Amino acid sequence: MDKILEEKLKKAKQASRQMMKVNSQTKNEALELISKALLNHIDEIILENQKDIQNAKDNHMSSAMIDRLLLDEKRIISIANDVKKLITLKDPIGDIIRDISRPNGLHIQQVRVPIGVFGIIYESRPNVTVDIACLCIKSSNVCVLKGGKEALHSNKILTQIMRDAIKDILPMEAIQLIENTDRSMVTQLITANQYVDVVVPRGGKGLINHVVMNATVPVIETGAGNCHLYIDKDANIEKAIHISINAKMQRPSVCNAIETILVHQDIASQYLIEIEKAFNEHVEIRGDEIVQSMISCQSATLDDYAQEYDDYIVAIKVVKSLEEAIDHIYKYSTQHSECIVTENEETAQIFLTSLDSACVYHNASTRFSDGGEFGFGAELGISTQKLHARGPLALLEMTSFQYRIYGNGQIRES
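Description of the structure in this document. Here the residue index of a chain counts from 1 through its sequence in written order. Predicted model: local features are reported for residues with pLDDT of at least 70 only, side-chain atom pairs are reported and counted for 80 or more only, and whole-chain, interface and lining totals are derived from all residues. By convention in this description, side-chain values take in all heavy atoms of the structure and omit both hydrogens and water.

1. Regarding the overall build of the protein chain
Helix and strand labels come from DSSP, where a helix needs a run of H or I of at least four residues and a strand needs a run of E of at least two; each type is numbered from the N terminus. Helix and strand counts for the protein chain come out as 15 helices and 16 strands. As a reference, a globule follows 2.2 Å times the number of residues to the power 0.38, and the radius of gyration itself is taken over C-alpha atoms. For the protein chain, the C-alpha radius of gyration of 23 Å lies close to 22 Å, the compact-globule estimate for 414 residues. By principal-axis analysis of the C-alpha atoms, the protein chain measures approximately 75 × 60 × 35 Å. Relative accessibility thresholds used throughout: buried, under 20% of the residue-type maximum; exposed, over 50%; partly exposed, between the two (1.4 Å probe, protein chains only). Out of the 414 residues in the protein chain, the part that is buried amounts to 50%. Here the analysis covers contacts within the protein chain between residues at least 6 apart in sequence; of these, 72% occur between residues at least 24 apart. The method behind every accessible area is Shrake-Rupley, applied with a 1.4 Å probe, and residues are considered shielded solely by the protein chains displayed. Looking at the protein chain as shown, the accessible area adds up to about 19100 Å², and 48% of this sits on carbon and sulfur atoms. As used throughout, the charge tally considers Lys and Arg to be positive and Asp and Glu to be negative, leaving His and the chain termini uncounted. A charged residue contributes its charge at one atom only: NZ of Lys, CZ of Arg, CG of Asp or CD of Glu. Put simply, the protein chain has 44 plus and 56 minus side-chain charges, and the middle of one group is 8 Å from the middle of the other. In this description, contact between two residues means that some pair of their heavy atoms is separated by no more than 4.5 Å.

2. Some details on the environment of D310
By secondary structure assignment, the location of D310 is in the loop between α13 (302-305) and β11 (313-319). When its relative accessible area of 11% is taken as the criterion, D310 is described as buried. Sequence-wise, D310 and A64 are 246 residues apart; in three dimensions their C-alpha atoms are separated by 6.9 Å. Ignoring any residue separated from it by four or fewer positions in sequence, one finds D310 in contact with A64, R68, P252, S253, V254 and E259. Counting of polar contacts relies on pairs of N or O atoms within 3.5 Å, with two restrictions inside protein: one atom must be capable of donating a hydrogen and the other of accepting it, and residues adjacent in sequence are counted only when both atoms are side-chain atoms. Among the polar contacts made by the side chain of D310, one reaches the side chain of R68 at a distance of 3.5 Å.

3. Looking at helix α14 (residues 322-332)
Of the positions making up α14, those classed as buried are L322, A325, I326, H328, I329 and Y332. Looking down the long axis of α14, one finds its buried residues gathered within 160° of arc, a one-sided arrangement. Away from its buried face by more than 90 degrees, α14 exposes D327 and K331. Elements in contact with the buried residues of α14: β7 (227-231), β8 (258-264), α13, β11, β12 (337-341) and α15 (345-354). Here the arc refers to the directions that run from the helix axis out to each C-beta atom.

4. Structural notes on helix α10 (residues 237-249)
To estimate how far a helix should reach, multiply one less than its number of residues by 1.5 Å. Taking 1.5 Å of rise per residue, the 13 residues of α10 would be expected to cover 18 Å, and the 18 Å separating its terminal C-alpha atoms lies within 8% of that figure. Three or more residues of α10 are buried, namely I237, A240, I241, I243, S244, A247, K248 and M249. Against β7, β8, α11 (268-279), β11 and β12 lie the buried residues of α10. Taking the backbone nitrogen of E238 as reference, a side-chain oxygen 3.0 Å away marks N236 as the first, capping residue of α10.

5. A closer look at unusual backbone geometry
Cis geometry marks the peptide bond from L387 to H388; its omega dihedral reads 5°. Mapped onto the elements of the fold, H388 is located in the loop between β14 (382-383) and β15 (391-392). With phi around 65°, S140 is a residue other than glycine that occupies positive phi space. Secondary-structure assignment places S140 in the loop between α6 (127-138) and β4 (142-146).

6. Describing the environment of E73
As for its position among the elements, E73 is in helix α5 (residues 73-88). Distance from E73 to S35, taken between C-alpha atoms, is 14 Å for residues 38 residues apart in sequence. Excluding residues that lie within four positions of it along the chain, E73 makes contacts with I42 and I46.

7. Some words on the environment of S296
As for its placement among the helices and strands, S296 is situated in the loop between α12 (289-294) and β10 (298-299). You can call S296 exposed: its relative accessible area is 62%.

The structure is reproduced here in structure tokens:
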């Protein structure tokens, strides 16, 4: 193992022992200090972020990807405010999940405890650096961060600011950043079982698959976001258009933006004409033959329906029935978020109970698949697996539990 990486991991493991004993008040004080420090260093953050932005432009990254990287004053203030929101959330550590009294006098408590050391591998968005570090502090965990090289300058300054902010009340080693951009660092991190308790990959399909297939450390998989919007024959067109615009255009670079729209044939003509106007050349439409016969758009291939564009592009397909829409979603979905727009409650219930995605919606944008929007605070990502957690990975999902058994000299006799 790389010596610098191993030293960081050793310090992270040691810090995790210290974090187990930190009380809620101290953790909240640390979060308050981080929030203030971010606001006090806005100019420095923007200066370093602009280095990443310029590198992205020089490497001809898409506008959507550059948007992922951008940290301006407004976004930094928003990040700092999100940190303060964490302070208001209940600390899960120490919560008693079950309280059991046995006939022999034993008193057993199932208690929430931190998982320990989180290895987080992520791409592009530097705000994730702050979200993860602060979530880990609030839940008494330690983070080892491996961001993408495209955000290295931003991640370094953010990590430095946070470590400096907490150094007098928490171990600085509770926040670690792997600055080495060599790809082997990822493999070394995800196989460091003696130091890392769990790995969470956040990013594109390639990154996630690499981690899932090669990790020996337990993984919580945050799936890619090939999200679907189904416009049912009983949909309210105005509502359908409004949701379509928000779910695709508000922030197309994020994992809860829709990539495919399925529209029932009975309402296709009306919907397609309206959505073409609404997207108004801002969104590139790729459609099947029926879609192409109704509006002007590019031809969609089968690969388009499996694509997470993270851009102003959407694939549209006309379907004959709800069942065909559900089958299509099963074939191409990453089990992140799916939505049906319909005024038929029975149809909506069939859709909601038939799909196996982490988040399923009725008449609401998939953009709400987010820890903050669910009232959980910030999140590590959206888990698309079923163990150990599913949906937004927030404070509760960042804990394990321990059994604490209280006795008075009892011994087992059989």
